[in-house]
Each structure stands twice: as C-alpha cells, then as structure tokens.
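If you want the building blocks of each chain, they are given just below.
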Amino acid sequence: MPERLLPASPNWYCSRSSDANAKGVFGFGAKNSVYLISITSSSPVVVGELIGHRERVSGFTFCHYLGQEDLCASSSDDGTVKIWDCERKIMLKEHRAHQSTITALHWSPLEKDLVVSGDEKGVVVCYWHNRNDTQSFFPEPRNVFCLSCSPHNENYIAVGYKDGMIIVIDISKKNEVVHRLRGHDDEVHALAWCPEPGEEALHSRPEEGTEVNNGLLGGCERGCYLASGSKDQTVRVWSTAKGKGVMTLKLPFLKRRGAGVDPGVKERLWLTVNWPKGHPTHIVSSCFGGELLSWDLMKNGKQKWTLLGSASEGQTHSRIVFNMTSVCVEDNRELLISISMDREIKCWDLSTLECCWTLPSLGGFVYALTFSPVDTGSLAVGVGDNMIRVWSTLSIQNKHDTKTFWQGIKSKVTALSWHTLKEGSLAFGTDDGKVGIYEAYSNKPPQISSTYHRKTVYTVAWGPPIPPLTFGGDGDKLSVALYSCAGEGVIFQHNPWKLAGEASDIDKVIRDTNGIKHKLSPHTDLSWKPDGKILAIGNEDGSVDVFQAPNLKLLCTIQQHHKIINVICWHHEHGSQSDLGYLIASGSSNAIVYVHNLKTVIESPPESPALITEPYRSLVGHTAKITSLAWSPHHDGRLVSVCYDGTAQVWDVPQEEAVCNYRGHKGRLLCVQWSPVDPDVVWTGGDDFTVQEWAVSKQEHTKPPKGKKGIDLEKKRSSQQKVKAKKKKKQMTSKAGSKPQDGEVTNGEGEGRHSVGLEEGPSDLEEEEEKEREAGPQATMSTPIAASKESNRPVDRIVSEKIQNGGKAFAFVKREVVKEERKREKQEIPVKKRKPRSLLPLSTTMDHRPKEELQQDCLTLAAIRHSKVLPSQCVPGSGDHIQLGLFGDRKALYQMFEEEGKSHIEGGHYDSAIYLLLWKGDITGALQMATEKGELTDHLVSIAPMAGYQVWSRTVEAFVKQLCFQEQFVKAASYLLSIHKVYEAVELLRSRQLYREAIALSKARLCPEDPVLKDLYTAWAAILEKDGHYSTAAKCYLAADSAFDAAKVIAKKGDVVSLRAAAELALIVGEKDLSHSLSLRCAKELLSVQDWLAAQEVLQTQESLLGHQLLFCTNELLWKSLADTALITWSSTSAHSWMAIADDGFLTAVSEVWVKEFGISPIDSEKLKLLHQQLKSMENPPATVNVPIKQLLFHLSVDLTLTLLSALAGSWGEMLEEMLCALSRCRDTGHFILMKEICGLLFPKGTESISNFKGKLDLTDEKSISAAQSLEAFICYLKLYELWWTSSSEHTPLLPEETIAASTAASHNDEPNGPDHIGGAGAEDEAPDDECSAKEIPDVLASAAEQEKPERLEKAQCVLTCKACLSEPHAMLQACERAKAEVQHRLSNMVYHHLKNQGDQHKDHPAATQTENDTPASEPALSEEHASLPSLIALVSEHNKQLAEIPEHVKEHPFPDVMECCLILLHMARTSEIPVDLQKEALALVQKYGTTHALRKACQKFLTPDCTGEVQCTED
C-alpha cells in the first residue's frame, strides 16, 4: 500500500456511484474499479481498491444491515453486478441478469441480502445473493435513471426515469406499480426516502400542474415521504400514502464570483438529493454550479435553503455535483460526502454546514511529476484531464493540500518543469504542442508561447541561454531560457520574458557549430547538467548527444540504446564522490537502463566528437519500455526507474544492484520523483490515474516481476484498460503521434508520452460539457483507444472502425469475399439484355396513346406545316404537344429538348440531359451542368476544347476534383498534366500518399535539379522509416543525396546483416566516422555470439579499427585459454586457427599472432602509440560483483591489449599498471579463480616474471616501482591462500572466491576494506588441527596441491615471498580509510537520529537501519551517545590529514588487504613453520593498525590465545 495517494476521479453522470458504511468507509466508482477511503472529520485515507470490472463502474452501494457493513455491491457497463467484501477486498458473487447497460443500483436497507439494479431498457432486477437468486421486473418500458429501496417497507422500491416519471413498485407483487408520481418533466437524477417513517405535516407549496392538496397532509401509518431531484431544476417531496406531491422546491439562481454557469442551460445541471438520517426535516440538494443547499422543510417563507460552505471563499464545488452520501462518525457527528465534476471529493459537517476537508482526484494519465527546487515539498502534477495540480506535500494540517490550474491549458499536460530560481514559476507543455508558464502564486492566466509544436510536448526544461537568443533587461532575466522538446523531433528555445516572440530551433546552432550537413535524428528528450554547462539530447534512433554550452559543441555521442530514447537524467552534484556528478542515466524502449560516466569527455573535451559504446553500468530487470528516471538527492548513485511493466525499480548504480521494486500501481508507470526531504520516499504516477507516495524500505520485492508474474501483470493492466465498444455509442476521432500510444479511460470514459494517446477527461470548456451531457449519463464519456500504426492500411482501418462501432472484426472481409463470389455467379448466368433508356422518354410516351389521339396529332401537325396558323394553345415541342417537336422546325425541337432535359434532371438522369445540350450544340452549357452535377466523363472532357481553352481548362480542373472525390488520384493527376499543371499533379499524388507515382511523374517531367524531387524522396523516406520499411527508405535517402541518413536508417533494424550493410554503405559514400561506429557495433554483436571470424571480417573493412581488431584477437585468445576451466563455456564454431598458447606466456603468444596476422611491429612506435590512445579512449568502467562474465572478459581483454601495446612500445611502467588494473578488476568482481588464471597467463614464472619486468624499469620512477610491488603483493596473496589450503588439516577454509568477494564488498563499501569480511571468515573457520590428513582436502584444493607439491624448502621460500604483502604504508592507508569510513557511518547515524527526533514521520530509514545493524552492540566506543558532532568532524579531519601525508604512489595503486594477510600468516603459524621474524612483523602490523572492533573479533577467531593477548595488551 502507498503512504499517500491521489486517486482517480469518481465517475460522472451516475445516480449512485458512491456510498459510505457505518464504519466510516467511503467507496466510489472510478474508471473500472472502486476506491475505498476511511473518513473522519479531519482527514481521509485511501485504504484499498476493489478491482474486477472490465468497464466503467456505474453504481456502488454498501450493505447497511447491522453486522454486515463490510459487504458492498457494484454495477458496471460490462453488464455485471458484483458483491464484495471490502475488508478483505475480494469479490464474493456476481450476476449478469441484465441485457442492457445498468444505470442504477441500491442495497436494500431492510433485507440484508437484497441488491436491486435497473437498466436503460427499464428492467429492474432483484438479486438475493445469499441464495444466488434473481427476479426481474419490467414495470415501465422507460430508461431507468435512478432507484432507491424504502428504509421502512422491505418490498417498496422507488424508480426514477429519464422522462421524469417516478413509480413505486411492490416486489412482493410482480409488476405491480403502487404509485405513479407525475410532476417532473425531465430526467430524475436522484431519489431519497425520508429516514423516519410516517408522514408528519409539512408546509406544502404546490406547483402548477402538480396534483397536491392545499394545506397540510395528515399523518399516515403506512406512508413515507420521498424526495426527488430532476433536471427540470426542481426538488419535489412526495407522499407515498397519497401518491401525490406535497412540496416543490425551485432551485435559486445564485450569483457566484461572476463566473458562474448559466442556470438556464439544462444540459449542465445534475440535481442530486440526500435526506440525512439525523436531520429528517432537512434535505440537501445540489445546485447549478456546484453549490450545495440545505432545505429546511419546516421553514416558512420563500427562502427555505441555506448554502453550505458560505462562511469562507472557495469551500464549495466549482462544477456540478453528482452524488452525496451522509454518514455518522465519532461523537455522533453527521458528515456529508459529495463528489463533483471539478474532480474533488468534499466532506461537510452537517451541523455547521462547513467543509471539513477536500480530497482531489485525477481524471487522466499522470504524465509528469516535478518537485520545486525553491518551495520545498511543492509537487506539480501534470494530468491528462487538462489540468495541473500543485500539491503541498509537507502540509501538516491538510495532507492533500492541492491547488488546481486549468485556465489556458485546454489539452493534456504532458511535461512540467519548475524554475530553478524563481519561486512559483512553472513551465508546462501539452499534448497539442503548447508551451506556457504558470505563476503558481497568482491568479493570473498563464503566459503561452507564440511558437507551437506540431505534436505532443515531451519535455520542458530550464537552462542557460544559447545563441541566437538575446535577452533584454537586468538581473535574472539574463540567466535562463526555456527549452521544449516535442514529438516532431524539434527542440525550441523560448525567451521566458518574451513568450510572444518567435522561439528558435536549436538544431541551427548545432549544425553551425559542428558543421553537420546531414539530417539530424529527431530529438525526443533533453536534460541539462545541474551546473548548466552540458546539455544531453536523446534522439529517436537511440543515440544520446552530449553538447558543451553555450555554442553546443558536440563532445560525444552515446550509442548504447538502439530504440527511441524516452528519458535522460544527470546525477546531482552534491554527492560525496565528485565522479558521480558526471553520471548520466538513460532509458529507452528496450527495457534496459544504461548509466555512463562522462568525466573524461567533459573534463578533457576531445578534438573530434567521441563515440561511447560501453556503459558504466547496465541496469537490467525491467521487461518493457522505460518511461522516467530520477536520482536520489540524498544518496550517492541511487536511481529509481519506472516502466511500462507497471513497476518502479530502485537501483544501487555503483554496485549495479537492485534495491527494491514497487508494484502498487495497476497500470503502466509514466513518471517518478524522489522526495526532496525524505530519503526513503518516492512518488510515482501512471496511466491508472493515480499519484502514489511509497517508502523504499517497506517494499517486499527486490526486482521487477519476470516470467509468469510479468505476463499476469500485463494481463491485469490490459483488462483494466480494455474498453468494450457498443453499437449505440458514437466513437470520436482518434489521434496519434510518434511515441508509444496510450489508451485512457476517464470516469468510465475512454482516455488515451510519446504520441499521447486518447483520454477524454472532460475539460473545463462549456462546449465539451454540452457534448458530454448530450451523450447521456450512460454513455462512455470519451474517445476510444488510439488506433495503432498498422490500422493506417485501408483494410485494417475499416476493420478497426467496425470494431469500434460494435461490429465483428472479420465480418467485413467475409462479406467482401461473398460479394465477389456472387458477382462471379451472376456473370456466369446468361441474362437477357435490358433495353436502354430512351433519350426522349416524354415524346416517346406520347406516341403510345390511343389511335384517336395519335390521328389528332397528325391533323395538328398538318395544320402547323401547311396553314402556318397554329391551333389555339398549341406550342409544338412543349406541353401536350411535346411529341410534335420532333416533326416541326428547329425551334420546336429545341423546345422539346428543353422539356425532355428538365424531365431527365428531375429524374436524376443527368447524362441524358447533357447529351441533349450537346446535340443542341451548347457545349458550354453541357459542361457546366456536368460540372455542377458531378457527371463529367472522359468523353465530355475530350470535347471541351471545342468550347475554347478557358472552358477546357475549367472543365479539366473540375473533373480532377470529381476524380479525387471518387479516389481516382492517378487519373486526376494525368488530367492535370493535359493542361500543363505538372507541379499540381505531383502535389496531388503526394497529398494522397502516392509517393511512388509522384516521384515517377517528377522524374519524367521535371528537371533533375528540381528541389521538389528531393522533397518527395525525403518525405517518402520518413514515412517508410516510420512504418519499418528501412531498405526502401534508404533508397529514397540515397536518391535525395542524403547518404548519411540512408546508412542510419538501414542500421535501425539492429541485426547483424543490417548493421553490416549500413557500415558498407557508409564506407562507400565516404561517411567514414559513421562506418566506423556501425562496423564496431556489428562486430560487438558478432562477438556476443562468439562468431570471431565474422567479427574480424567486419573490422578489417575499417583501417581505423585496427586497435579493435587487436582487442578482439586478444579476447578470442583469452577465451581459448580459459576454455578448459569451469569459468566459461566455449561454444564457438567460428574461430580462427591461431596457434595455441605457448609455454613462455600468454602475452608472447598474443604478440606473435599480432605480428603474423595484423602486421604489428615493435619498430613502428608511432603506430603503437596511436593504437594505445585509441583503445585507452574506450569506456572501460570499474567492475562490480554483478558484472556478467562475458562483459568482464571483454574488459580484461582491453586491459591486456593495452598491456601488450605498452610492452611492444617499451613503456614498461604503463604495462605494469595495465596488468595491475586487470588483476584488481578480477578481485573487485570476486572472481578469485579467474584472478588466479590471469596471473598464470601473465606471470607463468610467478614473482620471477615480475622481477624480469622490474629490471627494465627506471629505479627513480616511484609510480612504476609501486605498481610492480602491488603486482608482487597480489601474486603473493594468491600463494598465501594456496599455502593456507595445503596446510589446513581438519576443516576446509572458505573458498577463495568467497573470501575475496567479502573483502571486495567491504573494501568498496562506505567502509573500505571493511572488517566484516575478516570477521566473517573467522566465524566460518575453526582453528585448523594438525591431525587431519590431506585426503580430506576437497578435490579442487587437492588438484591444486598435486600440481605444485612444493618441497619443504620451496614452501619456506614461498612463505618468505609472502613478506611482500606486509607493506606498512599500505596498512596505514587501509587503516585510515577504515577509520574514516567508520566515523562517517557514525555521523550518518547521528544525523538520522537527530532528524528523527525533530519529527521525521518515516521511521524505517534504510541507511540508519543498516548503520545500526553494522554497529556492534558490544562496542561502547561506537555509540553515538558518547560522541558529539564536533568531535566526529574533528576525527574526519584528522583522518583526512593522515591520508594526505601518505605518498601518492601508495594511494594510486590497489593492494591486497594487509590485515587479512597478517591474520592468515599468524593463523598458519599454528600448523606450519612460519619464520619468527615474519610472525613478529605480522603481529606488529596487527597491533598497530588492527584497531577496529571487527579486526579485534577476527583476531579472537584466527589467532592463538598468546597472540590475541598481545594484541589486547597493546590496545590497552
């Protein structure tokens, strides 16, 4: 459970979606779950959630029967009614008796197992859950809006309908309606029974059209009052004894702050009522704009109401209220809980009518969280409901003290950033590309930048200004600029003091400074280093570019991720280790968090940009895309990451270990922040509409779920998000962007970084409210989940639309196939030809009249032609004589054509009318009619030139529009060509995504240098790249002379074949740097699968990768050398036939292969120096115990390659340092056996080999001499353990890797070379006994003993060589470091206890717990009670002074633990012949430097009583 939580918003437009029980638990439906809140008069606490519904919860009610208060019921749009146990939070039973959407729900106050529900078809279902029995009633064929069971008659249920009708039914008599209460003329939103039985006298105020008695109604034993609230703006009180209304209360028009909602708009009114149990003469109702009114039913006069929360400003809701619930708590105080469209849950004291507390809720995905660096504890929350919340998390009186900002936003808030210096200045970015600044401590609307992004804003950040931005004014106006990064891949720089001015694209500065000609990869995130000197930018191709401000010189490119970068984050700069300030963490869609150390690049910028391909740490564990990262401001190297797998993971980065995993969310996580005041608290937000505060130390899981658990979590998330479409519900349009898509469901409504998906979360715009209300209370109040990329295809898009509208996915395809089959069948069956329609139907019809009339036509025609006198009312070709137009003159014919044409137009036969005009010769008229009616044809366009060029041109343009409407785009473009409009034709094809045709046309008709052609290639390539058609996209880029982009896009797939092709392409086109990086990346992929031959082939194509060829060769030979050990598994079938390792050592064998295969010569010193520099620039971070063996061997190969290059160049000092680096890397990872094998490879003759190297050193070079001494010490250290093994007789000591691992852990913790490992070893080992035979030694130790079997003399010599481990300068260094670390632990513990005593609310401080556990109880000297802060600080200063006096060459090189070696030697003296002087030297060192408690404890375990006594005496 989280410590604190902002829940999802209660669902809107439900008659009863909330309720409270006698125990003070308040429940409400939010999305598809039910939140449970423990309420008191002082504060609310979220105590749980009921999860199980698949769709919006439409109703919720508690059982109010005594003793069963933990039972509750919920209804949902998924058609189920579920019975829950809210104490155990499990579902008990459910039923699916409803066939339509459930709209009302209530648990009978009298029958303990009766739950009543109603649906939009009018069906009322009674469910007795104890006997699992349902009974359906259908009293009225109307839409049920609300219902309420009588608290006085177990059989009476009041039902309110959408049309205003109210009925009371008796369920003991099936379908019997006891009363029909008519009076409301609109939706009935709520019903409430009087808590007391009987009908005492109430002053009536009859309303016109309501049947009521004038005066008072007497009491009736069987009757009870019923109150109703309706959309018609009235509250009515009904008598169930008489079946009539007794009082009508008209809502008053309240004037509120000049911004109230117009009460005349019914669509924005929801009138709910509540009849408090402790106030039977008062009714509480909602009003127009969120006000709550308490009506005194016994009061005379016009104003019977009192406004709740009128004593102070801002107490009331700001928008309409949907539900109210009353409950009695401690001291018999009756509280009223209300939920509203303003997404706030308020608690009211009904005795004072004042607001006790407010709990804010969230109506969308939580996209952004950020703590103010100035106002400590102010947490800004960016939500998908178009609002920003600023939560004062440190508020003592109100733990949910939140201020809401909504003005000027009007879209999902996807990015937030507080100003680093100016208090209250908060920058935000939205889903629609808007960037603005809010002043959180003023009531002014935000400033909005005049420059909008085209897609979702991913990140906003404050940073130092860069060119060309110039500021005016003084002071801090010159200090910072505002940066925004969005989905189209652009980063804008805004002037925060002149947001109305034009923002600048920083890509121009990047190009100009670094001379970049190719297309830059779209940007997806940015992060300024805290000191403001370095800017890191994440890109869509998975790379991270690091720039130096202010001119943005490119320092390096990190190519670790190969998918879109979602987040990058710099480590803070106030850590105890300065190196940590250079750490940068990045997360992408490939589920791995990479951390890089950029100290070398930043402190010593290279001349040309460096390419980094090796991480400092790899944090593996998540199973989906990483969405946000945050470094702990309280720890060194502590990172928290959140992911689409629904969990938050805390990492110890230096140790590469998982600390804890939080799984409190039920959806994908989108943002995370570490508490600025409590090192144990983290805040997270996700797509479950919640912000949660949780403690690191209280989590039971360490790593993210894997396997089945991860799958179950994903299924759980999917079931919560899935929205079942209904045929009746009209789906709204969806939009998509470039990053992953989300689907949100707000308040039962669908809501959906990176392309922010669709979430509805009704905004504060009044127009949206009207749309929401028109959809009805049962309608899903939002858009569907955003369509995926694949649905852009025509068939998929149609199928997707059908699914959203309630259809079946494959019905479309099936019907199309059936239609095609039917067409074929019809074609096969011979059909009689149909007679064509006559062009002159009217005159033809007139020729089919009776014979007498036809003969009269002959007489009339004769008179017309010969007498020249027309008969009366005879107009040939029109009217009743239309048929004569065919036989008269031309005028008559034209008259007949006109009549026939009108008839054709009326009948919709425009082609016939057009032909008649053509026959008349009116080509222009025919073309005009065809244009107007959309009946142009190829034939008509072909004859258009007969009417002139202008007519022809207009006709072609009109025909093009017609063809586009008919989706015949290629034909339309061809017609544009006929009138020489080539560019228009190309643009037409381009606008319809017909890039292939557009390019073909452009190349055929335009000049090769025309910029339109390049634009077409580029635009098509971008679309192909987005759809995953990388090869075709690369061809487009090549055709557009963008070879760099072609290589990059081929490499996007990330497989070996693609990388190899991309590298070859880059080499061909002259992009050597890109070819270099791609070849190296490809070779590493091959190296990971042990394909050595192919890896070398790839590297051989690049002359600049000779150093890596040598490295890969060394790595292959190292693997070959270790193949016979149990350390690795050699599974390669693709290896070189190089020689086996020679007897004279590994380095000799490798150098021979280099000379033979790669032409490396010791003579060419310049080449060797260049190769050394090339490999030295590689990222080769210090190892941890969690590093995989493959990665460790690669890092060792780097050290060994550098070693051999230094040896060939004659740099013996550097060679020894590289060797020492390899050995210390093995020790740091705890691989003792590997360390032994490496020593055997490098020093086949042991210390004699080192002596040979020392002979080549300059004796005045202290650094090199010190490195040689450290090497000797490590070899002796291994010999010492071997001697100990062989001399052990009774019990087997610790395995070496366990001992060394313990030593490593201690020496690399806060307490270097900590004593825990020694004490631990002593605890494991008893004092060896002389009587044990060698047969009892384990096999692995016996084999080692058999290989060497030293004689007595040789053994003595080996013991003497161990003297190299007893270095007093190193013992002094290690003792100082131990003592300093111990004091630092004590300081940390003291600070924690001080904070705890000052009122720290979190008791389980992890650091303190660890410190307390590490501090022995029996050691009074370490107790904080006997030390003061100044004394401890003085001790730290003293230890620092001692460390400063130690020579640098001693501190620079690693060395075995001297105290460990001393204890082992003294321990061996029991059973072996150890020279006395060596024992005395070891004992003296222990006496002098073994002063810590853990070392003294180890002495008791390891040493003889005499030695232990000497140590004790010395200490005393």
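Up top is the structure these notes are about.
Position labels on residues start from 1 in each chain and follow its written sequence. Given that this is a predicted model, residues contribute local features only at a pLDDT of at least 70 and side-chain atom pairs are listed and counted only at 80 or more, while totals for whole chains, interfaces and linings are drawn from all residues. Side-chain measures were taken over the full set of non-hydrogen atoms in the model, leaving aside hydrogen atoms and water.

> Sorry if this is basic, but what is going on with the overall build of the chain here?
To qualify as a helix, a DSSP run of H or I must reach at least 4 residues; to qualify as a strand, a run of E must reach at least 2; elements of each kind are numbered from the N terminus. When helices and strands are counted, the chain shows 42 helices and 59 strands. As displayed, the chain offers around 66200 Å² of accessible surface, 51% of which is attributable to carbon and sulfur atoms. For accessible areas, the Shrake-Rupley method is used with a probe of radius 1.4 Å. Any residue's cover is judged against the shown protein chains and nothing else.

> Explain the sheet that holds strand S3 (residues 25-30) to me, please; I cannot follow it from the model alone.
Picture the strands of a sheet paired through backbone hydrogen bonds; they go either parallel or antiparallel. Strand order in the open sheet formed by 4 strands is S2-S3-S4-S5, and the pairing between neighbours is antiparallel. Only two strands of the sheet have a single neighbouring strand rather than two, namely strand S2 (18-20) and strand S5 (44-51). The average undirected angle you get between the axes of adjacent strands in this sheet is 20 degrees. Being paired, for any two strands, means DSSP has found at least two bridges between them. A fitted line through C-alpha atoms serves as each axis, taken over the contacting stretch for helices, and the angle formed by two N-to-C directions is quoted from 0 to 180°.

> In this structure, what is going on with the environment of Pro10? I would like to understand it.
Tracing the chain through its elements places Pro10 in the loop between strand S1 (4-6) and S2. Burial classes follow relative accessibility: with a 1.4 Å probe on protein chains only, a residue under 20% of its type's maximum area counts as buried, one over 50% as exposed, and anything between as partly exposed. Classification of Pro10 as buried rests on a relative accessible area of 3%. Along the backbone, Pro10 and Glu344 are 334 residues apart, and their C-alpha atoms lie at a distance of 8.6 Å.

> How should I be thinking about the environment of Val696 in this particular structure?
Its location among the elements puts Val696 in the loop between strand S57 (691-695) and helix H3 (708-721). Classification of Val696 by relative accessible area gives buried; the value is 6%. C-alpha separation for the pair Val696 and Gln649, spaced 47 residues apart in sequence, amounts to 9.6 Å. Whether two residues touch is decided by their heavy atoms; if any such pair falls within 4.5 Å, the residues are in contact. Those residues within four positions of Val696 in sequence are excluded, and the remaining contacts are Val650, Val659, Cys660, Trp674, Asp680 and Val682.

> I'm lost on the side chain of Thr524 in this one. Help?
Here Thr524 shows up in strand S42 (residues 523-528). Owing to a relative accessible area of 2%, Thr524 belongs among the buried residues under this scheme. In this structure the side chain of Thr524 is engaged in a polar contact, spanning 2.6 Å, whose partner is the backbone oxygen of Ile565. Under the rule applied, a polar contact is a pair of N or O atoms within 3.5 Å (in protein, one hydrogen donor and one hydrogen acceptor; residues adjacent in sequence only if both atoms are side-chain atoms).

> When you look at the packing of helix H24 (residues 1146-1158) against helix H26 (residues 1189-1208) in this model, what are you seeing that I'm missing?
Relative to each other, H24 and H26 sit at 75 degrees, their axes nearing to 11 Å. The angle between the axes of H24 and H26 places the two elements in the roughly perpendicular class. Taking contact as the criterion, the partners of Phe1146, Leu1147, Val1150, Ser1151 and Trp1154 in H24 are, on H26, Leu1200, Thr1201, Thr1203, Leu1204, Leu1205 and Leu1208. Under the scheme applied, nonpolar residues are Ala, Val, Leu, Ile, Met, Phe, Trp, Tyr, Cys and Pro; charged residues are Asp, Glu, Lys and Arg; polar residues are all the others, including Gly. Tallied by class, residues from the contact of H24 with H26 come to 8 nonpolar, 3 polar and no charged. Our angle categories are set so that under 35 degrees counts as roughly parallel, over 145 as roughly antiparallel, 65 to 115 as roughly perpendicular, and the remainder as oblique.

> Teacher, can you tell me more about the sheet that holds strand S44 (residues 544-548) here?
Read across the sheet, 5 strands follow the order S42-S43-S44-S45-S49 without closing on themselves; strand pairing throughout is mixed. The sheet terminates laterally at S42 and strand S49 (610-612), the two strands that pair on one side only. Within this sheet the neighbouring strands show an average axis-to-axis angle of 25 degrees, counted without direction. Judged from the 5 bridges that link them, S42 and strand S43 (residues 534-539) form a sheet pairing that is antiparallel. By the bridge assignment, Trp528 is partnered in S43 with Leu535.

> How should I be thinking about the packing of helix H23 (residues 1106-1121) against helix H25 (residues 1165-1176) in this particular structure?
Helix packing for two helices is described by the angle between their axes and how far apart those axes are. Contact pair H23 / H25: the axes reach a minimum separation of 9 Å and the direction vectors enclose 75 degrees. With respect to their mutual orientation, H23 and H25 come out roughly perpendicular. Contact residues: H23 offers Leu1106, Gly1107, His1108, Leu1110 and Leu1111, while H25 offers Lys1167, Leu1171, Gln1174 and Leu1175.

> What is the right way to read a nonpolar patch on the surface from this model?
Patch building starts from residues that exceed 30% relative accessible area and form no salt bridge, then joins like charges within 9 Å and nonpolar side chains (Val, Leu, Ile, Met, Phe, Trp, Tyr) within 5 Å. One speaks of a salt bridge when a side-chain nitrogen belonging to Lys or Arg is within 4 Å of a carboxyl oxygen belonging to Asp or Glu. On the surface, Leu1038, Ile1068 and Val1069 cluster together into a nonpolar patch covering about 280 Å² of accessible area. Position of Ile1068 relative to the elements: it lies in helix H20 (residues 1056-1068). The exposed category is assigned to Ile1068, whose relative accessible area is 73%.

> Teacher, can you tell me more about the pairing of strand S31 (residues 378-383) here?
In regular strands, side chains alternate between the two faces of the sheet. For S31, the tally of buried residues reaches 6 of 6 residues, placing the bulk of the element in the interior. Of the two faces of S31, the one lined by Ser378, Ala380 and Gly382 and the one lined by Leu379, Val381 and Val383 are each fully buried. The sheet contact formed by strand S30 (residues 366-371) and S31 spans 5 bridges and is antiparallel. Within S31, the position partnered with Ala368 by the bridge is Gly382. Connecting S30 to the antiparallel partner S31 that follows it, the hairpin turn spans 6 residues, and Gly377 within it adopts a positive phi of roughly 95 degrees. Sheet topology places S31 next to strand S32 (residues 388-392); 5 bridges connect them, and they run antiparallel. Each residue of the ladder has a partner; that of Val381, found in S32, is Arg389.

> Is there a simple way to explain helix H13 (residues 949-965) in this structure?
Residues three or four positions apart in an α-helix share a direction because the helix packs 3.6 residues into each turn. A helix is expected to span 1.5 Å for every residue after the first. The terminal C-alpha atoms of H13 lie 24 Å apart, and with 17 residues this matches the ideal 24 Å at 1.5 Å per residue to within 8%. Of the residues making up H13, those classed as buried are Val951, Trp952, Ser953, Thr955, Val956, Ala958, Phe959, Val960, Gln962, Leu963 and Cys964. Looking at the packing, one finds that the buried side of H13 touches helix H11 (923-933), helix H12 (938-943), helix H14 (969-978) and helix H15 (982-991). Trailing H13 by a residue or two, Glu967 shows a phi angle of about 60 degrees, which is positive.

> How do you make sense of the pairing of strand S14 (residues 144-149) when you look at a structure like this?
Most of S14 is tucked away, with 6 of its 6 residues classed as buried. With 5 bridges joining them, S14 and strand S15 (residues 156-161) adopt antiparallel strand pairing. Following the sheet pairing, Cys149 is matched in S15 by Ile157. The antiparallel pairing of S14 with S15 creates a hairpin that spans 6 residues between the two strands.

> Honestly, the packing of aromatic side chains in this entry has me stumped. Any pointers?
Aromatic ring pairs: the centre-centre distance and the angle between the two ring planes describe each pair. Aromatic pairs are defined between Phe, Tyr and Trp rings, using the six-membered ring for Trp, whenever the two ring centres lie within 6.5 Å; interplanar angles under 30 degrees are classed as stacked, those over 60 as edge-to-face, and all others as tilted. The tally for this structure, following the rule as stated, stands at 24 aromatic pairs. Relative to Phe322, the ring of Trp270 has its centre 5.9 Å away and its plane inclined at 65 degrees; by these criteria the two rings are edge-to-face. Separated by 52 residues along the polypeptide, Trp270 in the loop between strand S21 (244-250) and strand S22 (273-274) and Phe322 in strand S26 (residues 321-328) bring together distant segments of the chain. Across this residue pair, the class does not change: Trp270 and Phe322 are buried. Ring geometry for Phe371 against Trp683: centres 6.0 Å apart, planes inclined by 70 degrees, an arrangement best described as edge-to-face. Of this pair, Phe371 sits in strand S30 while Trp683 sits in strand S56 (residues 681-686), and the two are 312 residues apart along the sequence. Residue Phe371 shares its accessibility class with Trp683, and that shared class is buried. One aromatic cluster is present, formed by Trp12, Tyr13, Phe145, Trp270 and Phe322 through successive ring pairs.

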